[in-house]
Amino acid sequence: MSEIKKRLSSILESPKHNTEEKLQKVCHLLDQEISYFNWTGFYFKNGDKEELKLGPYVGAPTDHTIIPYGKGICGQVAVSNETFVVPDVHQESNYLSCSIDTKAEIVVPIFKDGQNVGQIDIDSHTVDPFTAEDRELLEWLCNEVSKIL
């Protein structure tokens, strides 16, 4: 994972790209390097509204471009301010289905100046694939992303 962290850092520190381009490159890198990451994207607070708006992502198109706070895993993380790992989405009553292939999901919040401003959302086509190492990597990444927002 340290090699992935180095590569992610170099993307985020690149002076050649704007924030949106950097986040898109982050999604591509995670998608390419971690085989069970099958949809990787960012959601951000939509202005002053109590909702999330889809940002850069890699994976199948989604109908969920706006997610109200409290709805689905992403909406829950917007309220709880805590990482949420769902080993099996079919066991989760508040799950918003993006794809019939999705079996598991991890959502990690992004904080800027103490405020929850967004999150990274990753879906997997494998049941219970996410490790403690994945969680640590994504929490580190969200902390790094907050520095460029």
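What comes next is a walk through the structure. Here the structure is a predicted model, which means the values were calculated and not measured.

This paragraph deals with the overall build of the chain. The helix and strand tally for the chain stands at 4 helices and 6 strands. Overall, the chain shows an N-to-C arrangement of helices and strands of α-α-β-β-β-α-β-β-β-α. Seen through its principal axes, the chain has C-alpha atoms that stretch 40 × 35 × 25 Å. Counting the 149 residues in the chain, one finds 46% classified as buried. With the model as given, the accessible surface of the chain reaches about 7500 Å², and the carbon-plus-sulfur share is 47%. Between the averaged position of the 14 positive side-chain charges in the chain and that of its 24 negative side-chain charges there is a distance of 7 Å.

Take the packing of aromatic side chains next. Summed over all chains, the structure comprises 6 aromatic pairs. Plain terms: the ring middles of phenylalanine 42 and phenylalanine 44 are 6.0 Å apart, the flat faces sit at 10° to each other, and that makes the pair stacked. A relative accessible area of 0% means that phenylalanine 42 is categorised as buried. Three or more aromatic residues joined by ring pairs form one cluster here, namely Tyr36, Phe37 and Phe130.

Let us look at the sheet that holds strand E5 (residues 104–112). The strand order E3-E2-E1-E6-E5-E4 describes an open sheet built from 6 strands, whose pairing is antiparallel. Single-partner strands in this sheet number two, and they are strand E3 (66–68) and strand E4 (84–86). Strand after strand, the sheet turns through a mean of 25° between neighbouring axes, direction not considered. Examined bridge by bridge, strand E2 (residues 51–58) and E3 share 3 bridges and lie antiparallel to one another. Each bridged residue has a counterpart across the sheet, and for glutamate 51 the counterpart in E3 is proline 68. Along the sheet, helix H2 (residues 19–33) contacts strand E1 (39–45), E2 and strand E6 (115–124); its crossing angle with E2, the most-contacted strand, is approximately 60°.

Further remarks concern the pattern of salt bridges. If the charged atoms of two oppositely charged side chains come close together, the side chains can form a pair. In the structure shown here, the tally under the stated rule is 4 salt bridges. Put simply, glutamate 139 and arginine 135 hold a salt bridge, and the shortest N to O gap is 3.0 Å. One end of the pair, glutamate 139, and the other, arginine 135, are both in helix H4 (residues 132–146), 4 residues apart, so they sit about a helical turn from each other. Given a relative accessible area of 32%, glutamate 139 falls into the partly exposed group. A residue is classified by how much of its surface remains accessible, and arginine 135, at 35% relative accessible area, is partly exposed.

Attention shifts here to the packing of H2 against H4. Two elements in contact, H2 and H4, have axes whose closest approach is 12 Å; the angle formed by their N-to-C orientations is 165°. As summarised for this structure, H2 and H4 are arranged roughly antiparallel, according to the angle between their axes. In the crossing of H2 with H4, the sense of the turn from one axis to the other is right-handed. Note on element contacts: H4 touches H2 through Leu137, Leu138, Leu141 and Val145, opposite Leu23, Val26 and Leu30. Broken down by class, the residue content of the contact of H2 with H4 amounts to 7 nonpolar, no polar and no charged.

Take the packing of helix H1 (residues 2–13) against H4 next. It is at 11 Å that the axes of H1 and H4 come closest, and there the two elements cross at 15°. By the criterion of interaxial angle, the relationship of H1 to H4 is roughly parallel. As H1 runs across H4, the sense of the crossing is right-handed. In this structure, H1 contributes Ile4, Lys5, Leu8, Ser9 and Leu12 to the contact, and H4 contributes Glu136, Leu137, Trp140, Leu141, Glu144 and Val145. Of the residues contributing to the contact of H1 with H4, the split by class is 7 nonpolar, 1 polar and 3 charged.

Cut-offs used in this document
- Residues numbered from 1 in each chain as written.
- Predicted model: local features only at pLDDT ≥ 70, side-chain atom pairs only at ≥ 80, totals over all residues.
- Heavy atoms only, no water.
- Helix = DSSP H or I, 4+ residues; strand = E, 2+ residues; numbered from the N terminus.
- Buried < 20%, exposed > 50% of the residue type's maximum accessible area, 1.4 Å probe, protein only.
- Areas by Shrake-Rupley, 256 points an atom, 1.4 Å probe, with all protein chains shown as cover.
- Lys, Arg positive; Asp, Glu negative; His and termini not counted.
- Charge placed at Lys NZ, Arg CZ, Asp CG, Glu CD.
- Phe/Tyr/Trp six-rings, centres within 6.5 Å; stacked < 30°, edge-to-face > 60°.
- Pairing = 2+ DSSP bridges.
- Axes fitted to C-alpha atoms, helices over the stretch in contact; angles between N-to-C directions.
- Contact = heavy atoms within 4.5 Å.
- Salt bridge = Lys/Arg side-chain N within 4 Å of Asp/Glu carboxyl O.
- Parallel < 35°, antiparallel > 145°, perpendicular 65-115°, else oblique.
- Left-handed = near helix turned anticlockwise from the far one by under 90°.
- Nonpolar A, V, L, I, M, F, W, Y, C, P; charged D, E, K, R; others polar.

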